[in-house]
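Architecture and fold: a report
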Amino acid sequence: MSTAQKKTPAQKTAACAQGQPAKLVADYPISSVLLVFGVGLGAGVAVASLLSGPAPPRPTLGRRTEQAAEQLGRQMLDAIAGVLPESLAKRVSG
């Protein structure tokens, strides 16, 4: 008697179950790749979010407005300093 004839029903079911995923992947290769890519991407995002600390609080609207005004003021002074003669530019930028 060969070993194939001596298999128990549980062994036959396990052998059949092992072949099914390979057949499924062979039948739907693109879907399989996209599914594995999506699972990997999701797992990576989950691990990254667990490892990273809490996000710093965003500045308030008032603080962002102040920062924008300061930046605009610096840009204006730099632009004016570029046009003025050097003796006056030192006073404006300093």
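Counting from 1, residues in each chain are numbered in the order their sequence is written. Given that the model is predicted, a residue must reach a pLDDT of at least 70 before its local features are reported, and side-chain atom pairs must reach 80 or more before they are shown or counted; all residues, however, enter totals for whole chains, interfaces and linings. Computation of side-chain values: all heavy atoms of the structure, hydrogens and water removed.

Below, the discussion takes up the overall build of the protein chain. Regarding its fold elements, the protein chain presents four helices and zero strands. Only DSSP runs of H or I with at least four residues qualify as helices, and only runs of E with at least two residues qualify as strands; both kinds are numbered from the N terminus onward. Along the chain direction, N to C, the helices and strands of the protein chain fall in the order α-α-α-α. Buried residues are those whose accessible area, probed at 1.4 Å on protein chains only, stays under 20% of the maximum for their type, while exposed residues exceed 50% and partly exposed ones sit between those limits. Of all 94 residues assigned to the protein chain, the portion counted as buried reaches 3%. Of the accessible surface of the protein chain, which amounts to about 8300 Å², a share of 68% is contributed by carbon and sulfur atoms. Accessibility throughout is a Shrake-Rupley quantity obtained with a 1.4 Å probe, and a residue counts as covered only by protein chains that appear here.

Salt bridges are counted wherever a side-chain nitrogen of Lys or Arg sits within 4 Å of a carboxyl oxygen of Asp or Glu. Throughout the structure, instances matching the rule amount to two salt bridges. Its salt-bridge partner being aspartate 27, residue lysine 23 comes within 3.1 Å of it at the nearest N-O pair. Taken as a pair, lysine 23 and aspartate 27 lie in helix 1 (residues 9–27) at a separation of four residues, close to a single helical turn. Note on aspartate 27: relative accessible area 44%, which makes it partly exposed.

Values of pLDDT, ranging from 0 to 100, describe the predictor's confidence in every residue of the model. Mean pLDDT for the protein chain: 82, with 77% of residues reaching 70 or above. Helix 2 (residues 29–51) holds the highest mean pLDDT among the elements of the protein chain, 94, whereas helix 4 (residues 86–93) holds the lowest, 71.

The next subject is a nonpolar patch on the surface. Surface patches are defined over residues having more than 30% relative accessible area and no salt bridge, joining like charges when they lie within 9 Å and nonpolar side chains (Val, Leu, Ile, Met, Phe, Trp, Tyr) when within 5 Å. On the surface, a cluster of nonpolar side chains totalling about 320 Å² of accessible area is made up of Phe37, Leu41 and Val45. By the secondary structure assignment, valine 45 is in helix 2.

Glancing now at the side chain of serine 32. In this structure, serine 32 sits in helix 2. By relative accessible area, serine 32 is classed as buried at 17%. At 2.7 Å, the side chain of serine 32 forms a polar contact with the backbone oxygen of tyrosine 28. When sequence neighbours within four positions are dropped, the list of residues in contact with serine 32 reads Leu24 and Val25. Counting of polar contacts relies on pairs of N or O atoms within 3.5 Å, with two restrictions inside protein: one atom must be capable of donating a hydrogen and the other of accepting it, and residues adjacent in sequence are counted only when both atoms are side-chain atoms. For this analysis, residues touch if any pair of their heavy atoms sits within 4.5 Å.

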